[in-house]
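# Understanding the architecture of this molecule
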Amino acid sequence: MSTTSVASTREHRITVRTLAARKRRGERIAMLTAYDFAFARIFDQSGIDVLLVGDSLGNVVQGHDTTLPVTMDESVYHTRLVTRGCRRALVVGDMPFGSYQVSPEDAVRNAIRFVKEGGAQAVKLEGGVAMAETIARITRAEIPVMGHVGLTPQAVHRMGGFRVQGRSADEASQVLADAEAVQQAGAFAVVLEGMPAELAAEITRKLEIPTIGIGAGPECDGQVLVLHDMLGLNDWTPAFVKQYADLGAATARAARAFAEDVAAQKFPAEEHCYKAR
Ligand code: KIV
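In this report, the structure presented in the accompanying data block is examined. (Residues numbered from 1 in each chain as written. Predicted model: local features only at pLDDT ≥ 70, side-chain atom pairs only at ≥ 80, totals over all residues. Heavy atoms only, no water.)

This part is about the pairing of strand β7 (residues 211-214). Covered by surrounding structure in β7 are T211 and G213 together with I212 and I214, the residues of both alternating faces. Pairing of strand β6 (residues 189-193) with β7, which is carried by 4 bridges, proceeds in the parallel orientation. Residue pairing across strands places L192 opposite G213, the latter belonging to β7. What joins β6 to β7 is helix α10 (residues 197-206), and the crossover it makes is right-handed. Relative to strand β8 (residues 222-225), β7 is paired through 2 bridges, and the arrangement is parallel. The partner of I212 across the bridge, within β8, is G222. (Buried < 20%, exposed > 50% of the residue type's maximum accessible area, 1.4 Å probe, protein only. Helix = DSSP H or I, 4+ residues; strand = E, 2+ residues; numbered from the N terminus. Pairing = 2+ DSSP bridges. Right-handed = clockwise from strand over helix to strand, strands pointing away.)

Given below as structure tokens:
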């Protein structure tokens, strides 16, 4: 296959270059988390640009209080399910706690697993200045890296809880320095989580790479939400989330109706039964 035909078979795929162009043109980027084939396919066909296989799977899929227990094998497994449902969106595998903090070599090895075994086109990791060398090393291994600064859930114990970051002047300069370090290290985009909208707006103006906000106000180059939050599948909704559907209530109604039909012997009805030849 020539390089031209390779390019033409992939021309509708969102790439890191597409996202850079979006920032230059002032066009926003829509990113959602996904953890399986079914949701990935729906989101991919609905114009979502980036699907993040977030380590939030620890919370919303596995039921943990934090993302810390998520393992590499679990993350790669969920990434594989998502990439199978994706034709257009850029798939980003989220590096779980412990998979990139020990050494840059370890980080590169684990990032490669996301691409080789999971089929992801990029990885995401949390941290700014302290992770710059690691981001540079993964990027040098030809794997695009999305940074993540501000409220970084894997640092829950250092932060003393899931606290908004950058409210004081000192904290704000640290978050800005982190975002600049991530860009300098070669990241193609950066998630800004849990910070005042003014700070996210300033970072977005200063950086050349796209910023993707969550709880970071409207001035970011893109926005990301966790699918269970935006579809009403959790039992509470954080203040920064807009809930676009109530699948939790719809699912409970469907389950109750099914149980009632079974009890009343209304299901299966004749149209649901196979006939003998
Ligand atoms: O794991 C995740 O879902 C995330 C998003 C909140 C950005 O990191």
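What follows picks up the thread again.
Looking now at the site of the ligand. Close to the ligand lie T33, L52, G54, D55, S56, D94, K124, H148, V191, E193, I214 and V226. Take D55: an N or O atom from its side chain is 2.9 Å from an oxygen atom of the ligand. Within the side chain of D94, an N or O atom sits 3.1 Å from an oxygen atom of the ligand. Coverage of the ligand by the protein amounts to 95% of the 260 Å² it exposes when considered alone. Within the shell around the ligand, the residues separate by chemical class into 4 nonpolar, 4 polar and 4 charged. (Near = heavy atom within 4 Å. Polar contact = N/O pair within 3.5 Å; in protein donor to acceptor, adjacent residues only side chain to side chain. Areas by Shrake-Rupley, 256 points an atom, 1.4 Å probe, with all protein chains shown as cover. Nonpolar A, V, L, I, M, F, W, Y, C, P; charged D, E, K, R; others polar.)

Attention shifts here to the pattern of salt bridges. Opposite charge on two side chains permits them to pair, given that their charged atoms come into close proximity. With the rule as written, the count across this model stands at 13 salt bridges. Where D49 meets R22, a salt bridge forms, and the shortest distance between an N and an O atom there is 3.0 Å. In this pair, D49 sits in the loop between α3 (37-45) and β2 (50-53) while R22 sits in helix α2 (residues 16-25), placing the two residues 27 residues apart along the sequence. Note that D73 is salt-bridged to R113, the shortest N-O span being 2.8 Å. Of this pair, D73 sits in helix α5 (residues 72-84) while R113 sits in helix α6 (residues 104-116), placing them 40 residues apart in sequence. Note on D73: relative accessible area 52%, which makes it exposed. Taking the relative accessible area as the measure of exposure, R113 reaches 23% and is therefore partly exposed. Linked by salt bridges that have partners in common, R22, R25, E27, D49 and R88 make up one network. (Salt bridge = Lys/Arg side-chain N within 4 Å of Asp/Glu carboxyl O.)

This paragraph deals with the sheet that holds strand β1 (residues 29-33). Around the barrel, 8 strands lie side by side as β1-β2-β3-β4-β5-β6-β7-β8; this closed barrel has parallel pairing. The mean inter-strand angle of the sheet, taken between neighbouring strand axes irrespective of direction, is 25 degrees. (Axes fitted to C-alpha atoms, helices over the stretch in contact; angles between N-to-C directions.)

Of all hydrophobic cores here, the largest spans 56 residues; its most connected members are L51, I138, L192 and I203. Setting aside chain neighbours within four positions, we find I138 in contact with M95, A107, V108, A111, V123, L125, I143 and V145. I14, V92, F188 and A189 belong to the second-largest nonpolar core, a separate cluster that totals 16 residues. (Core = buried A, V, L, I, M, F, W, Y, C linked by side-chain atoms within 4.5 Å. Contact = heavy atoms within 4.5 Å.)

Right, let's talk about the packing of α5 against α6 for a bit. With their axes 9 Å apart at the nearest point, α5 and α6 run at an angle of 25 degrees to one another. The orientation of α5 relative to α6 falls into the category roughly parallel. The two elements α5 and α6 cross, and the hand of that crossing is right-handed. Mapping the contact onto sequence places M72, D73, S75, V76 and T79 in α5 and N110, R113 and F114 in α6. Grouping the constituent residues of the contact of α5 with α6 by class yields 3 nonpolar, 3 polar and 2 charged. (Parallel < 35°, antiparallel > 145°, perpendicular 65-115°, else oblique. Left-handed = near helix turned anticlockwise from the far one by under 90°.)

Take it as geometry only, folks, not as evidence of what the structure does.
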